[in-house]
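So you can see what is in the structure, the chains are spelled out below.
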Amino acid sequence: MKLRPLLAVIIFLAFSCKKSENKPENKRDPEILITELTSSLVSADSISHFTSALKNINLSTEETAEGITVFAPLNDLDKVDNSLTFQASKVSQEATVMESPAPGGLPDAVLRDHIVKGVHKLADLTDGKILTGLNGKKLRISRIGDNLWINNIAIGGKEIVSNTNQVVYVVKASLENTSSETIFRFTEEQYPLALAVIKTSLSDWQERLVVLDALISHDVEIEAIPQYRFNYLNIGNFQFTASHQVILNIWREGYSTISGLNALEAKLSELHSDSRERHAQLKAIRAYVYLQLLAYFENIPLKKSNAIPWVESNTNRPAVFRYITDQLGSAARSITESTADRTLLNKTSIKVIQAKAALLEKDYQKVLDLTNQVINSNKYELEAPALRFSTNREMIWEDSAEKSTNIKSYFWNREKLPYLRLTEVYLMNIEANLVLQNPVAAQTTYALLMQRNGIQGPNVNMNVLRDFWTSEMNREGSLFPNLLRWGTAADMLAPKGFIEAKHRRMPIPVAELALNKNLVQNQFYQ
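Predicted model only: the values in this text are computed from it and were never measured.

(A) Broad picture of the packing of helix α15 (residues 439-452) against helix α16 (residues 462-472). Interaxial distance between α15 and α16 falls to 13 Å at its minimum, and their mutual angle equals 40°. With respect to α16, the element α15 is oriented oblique. Crossing geometry of α15 relative to α16 is assigned as left-handed. In this structure, α15 uses Tyr-446, Leu-449, Met-450 and Arg-452 to contact α16, whose residues at the interface are Val-464, Phe-468 and Glu-472. Of the residues belonging to the contact of α15 with α16, the class tally is five nonpolar, no polar and two charged.

(B) Looking closely at the side chain of Asn-516. Locating Asn-516 in the fold gives a position in the segment after α20 (510-515). With a relative accessible area of 1%, Asn-516 lands in the buried category. Reaching out from Asn-516, the side chain makes a polar contact with the backbone nitrogen of Asn-518 at a distance of 2.9 Å. Aside from chain neighbours lying at most four places away, what touches Asn-516 is Trp-310, Val-311 and Glu-312.

(C) Structural context of the confidence of the model for the protein. On average, residues of the protein score 87 in pLDDT, and 89% of them are at 70 or above. Confidence drops under pLDDT 50 across residues 1-21; counting only partners more than four residues distant or on other chains, this segment forms zero contacts.

(D) Structural view of the pattern of salt bridges. Tallied over the entire structure, the rule returns 24 salt bridges. For the salt bridge of Glu-188 with Arg-278, the shortest nitrogen-to-oxygen distance reads 2.8 Å. Here Glu-188, found in the loop between β7 (166-171) and α7 (190-216), pairs with Arg-278, found in helix α9 (residues 276-297); they are 90 residues apart in sequence, far enough to count as distant. Given a relative accessible area of 30%, Glu-188 falls into the partly exposed group. Each of the salt bridges in this network shares a partner with another, and the network as a whole consists of Arg-388, Glu-394, Arg-421, Arg-452, Glu-472 and Glu-476.

(E) Structural detail: the environment of Leu-41. Inspection of the secondary structure puts Leu-41 in the loop between α2 (30-40) and α3 (48-54). Residue contacts for Leu-41: discarding those within four places in its chain leaves Ile-47, Thr-51, Ile-160, Val-161 and Val-168.

(F) Examining unusual backbone geometry more closely. Within the chain, Asn-234 stands out as a residue other than glycine whose phi angle is a positive 70°. Mapped onto the fold, Asn-234 is located in the loop between α7 and α8 (245-267). Residue Asn-234 is classed as partly exposed on the basis of its relative accessible area of 33%. With a phi close to 80°, Phe-524 is a non-glycine residue in the positive phi region. Within the element layout of this structure, Phe-524 appears in the segment after α20.

(G) Looking closely at the packing of aromatic side chains. Tallied over the full model, the rule gives 18 aromatic pairs. Judged by centre distance (5.5 Å) and plane angle (85°), the rings of Tyr-446 and Phe-468 are edge-to-face. A residue pair is termed long-range when its members are at least 10 positions apart, and Tyr-446 in helix α15 and Phe-468 in helix α16 qualify at 22 residues. Grouped by ring-pair contacts, the aromatic residues Phe-238, Phe-240, Phe-480, Phe-498 and Tyr-525 constitute a single cluster. Here the guanidinium or amino end of Arg-278 rests over the ring plane of Tyr-191, the centre of that ring lying 4.6 Å away. In this structure, Arg-475 packs its charged tip against the face of Tyr-410, placed 5.3 Å from the ring centre.

(H) Seen up close, the environment of Ser-400. Secondary-structure assignment places Ser-400 in the loop between β8 (395-397) and α13 (405-410). With 57 residues separating them in the primary sequence, Ser-400 and Thr-343 have C-alpha atoms 5.7 Å apart. Ignoring any residue separated from it by four or fewer positions in sequence, one finds Ser-400 in contact with Lys-199 and Thr-343.

(I) Molecular detail of helix α12 (residues 364-377). For α12, with 14 residues, the first-to-last C-alpha span of 20 Å sits near the 20 Å given by 1.5 Å per residue. The complete set of buried residues in α12 reads Tyr-364, Val-367, Leu-368, Leu-370, Thr-371, Val-374 and Ile-375. For α12, the elements touching its buried residues are α11 (347-360), α14 (422-435) and α17 (479-486). Two residues or fewer after α12 comes Asn-378, characterised by a positive phi angle close to 60°.

Rules and cut-offs
- Residues numbered from 1 in each chain as written.
- Predicted model: local features only at pLDDT ≥ 70, side-chain atom pairs only at ≥ 80, totals over all residues.
- Heavy atoms only, no water.
- Axes fitted to C-alpha atoms, helices over the stretch in contact; angles between N-to-C directions.
- Helix = DSSP H or I, 4+ residues; strand = E, 2+ residues; numbered from the N terminus.
- Parallel < 35°, antiparallel > 145°, perpendicular 65-115°, else oblique.
- Left-handed = near helix turned anticlockwise from the far one by under 90°.
- Contact = heavy atoms within 4.5 Å.
- Nonpolar A, V, L, I, M, F, W, Y, C, P; charged D, E, K, R; others polar.
- Buried < 20%, exposed > 50% of the residue type's maximum accessible area, 1.4 Å probe, protein only.
- Polar contact = N/O pair within 3.5 Å; in protein donor to acceptor, adjacent residues only side chain to side chain.
- pLDDT = per-residue confidence, 0-100.
- Salt bridge = Lys/Arg side-chain N within 4 Å of Asp/Glu carboxyl O.
- Phe/Tyr/Trp six-rings, centres within 6.5 Å; stacked < 30°, edge-to-face > 60°.
- Lys NZ or Arg CZ within 6 Å of the ring centre and 35° of its normal.
- Expected span 1.5 Å × (residues − 1).

Okay, structure coming up:
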């Protein structure tokens with residue numbers, strides 16, 4: 001009996017030891033964090049000097065308690081294109097690169113200039129944000145779209161390490177001799193570079209939206225595009241929820257493009273030249289993005305600033321639509337009529353976006369007026385079927401970005417997936433004429449499309465038009481809003497799981513609802 005207390009103690013000690021052995025590591029312990037970080041950077045040769053020095057840094061528990069963000073400078077700036085850096089004042093031009101003779105010999109004070117408390121992801125690095133290095137150095141973020149600078153030094157690309165404990169960015173020079181007080185100046189040379197970034201962002205977003213549209217309208221079945229089967233699972237059968245990653249990506253990438261446009265437009269005031277044309281271009285692109293978001297989500301917020309966190313509400317759809325039409329109207333008054341560069345918008349292409357906006361609201365008289373103006377301008381031509389995507393005569397607004405392998409395969413290996421082309425203008429014109437009881441005018445426009453295709457079609461009516469529109473614009477996007485407008489979505493898609501009261505609009509992503517308490521979920525979603 002006397003052995004029982006001793007046995008209890010032994011069991012207790014054994015259990016305590018086991019618990020101790022299984023106790024998880026504190027990943028934010030300074031030594032563990034730095035070891036893990038330098039190990040993850042071992043293959044990053046371009047910042048090897050900084051990484052070597054980082055191995056010897058002494059950080060406190062307090063400094064790493066919230067995780068860290070590191071801005072690691074390149075070894076050799078001479079090998080890097082610095083065309084995206086701002087025009088620097090003298091103090092920022094004196095910024096140095098890591099001296100190659102002494103890897104690992106950098107003092108703690110210099111290293112600490114490049115390390116910030118907390119885990120700051122790419123979305124957190126907003127324009128004008130001030131960070132503080134561990135040594136007290138102030139670090140100002142400047143941002144235009146996905147172009148970022150810190151104290152006037154360009155940040156190259158995105159995070160090269162990113163987890164819950166640490167984030168690492170590469171910067172093109174040391175931050176040692178830089179100042180957050182540097183006066184930034186946006187130059188003429190930087191505008192086309194910044195616009196190119198926005199064009200790429202818009203292109204990537206449009207690709208995802210086009211695939212989403214094809215699946216929810218059953219313009220294509222998921223089995224026909226196996227490259228998208230995993231990411232777009234449960235889209236075509238309407239089993240998606242507000243947590244679906246594709247829906248979150250489309251929302252966030254759309255608003256990321258809008259944020260980039262906002263930031264670039266704010267920088268135009270720093271240019272000495274007349275920027276009315278550029279303002280008009282950015283306004284029209286932004287209106288287009290809003291229009292697309294409105295067509296699929298219906299209840300969306302306006303993001304007129306890039307402040308974080310979000311506070312804008314999505315409960316005033318009429319205000320959003322007015323903003324879109326106002327922005328397009330303002331852009332149309334200032335923009336030129338040049339058609340030399342079809343990756344840019346002009347007066348005529350803005351009329352097409354205005355017509356699409358009017359079509360969304362079923363304002364058919366406005367659709368008719370605008371499409372007649374575009375057709376009668378003779379600035380674009382209908383191409384033979386085999387040439388529609390190989391020349392730019394039918395293209396009203398082209399996508400300049402190189403297409404990914406997946407989207408090229410989806411679009412039958414065509415090089416171009418246009419935002420706007422003339423065929424759609426003719427189709428909108430026919431629908432407007434039919435609804436407004438102008439059958440002769442509708443038939444005349446329809447005959448031109450039939451002639452282009454080398455066939456003689458039947459007399460056009462709404463049923464004929466719907467079938468023709470679906471085949472003519474196959475896989476180009478916007479079919480789902482068409483089905484809703486025509487009132488055919490319920491009959492066509494109900495066997496696939498479509499419930500019109502719910503699925504006529506996409507859900508507001510749950511992750512966005514958590515960030516912005518003023519957003520309201522669309523009805524029937526949780």
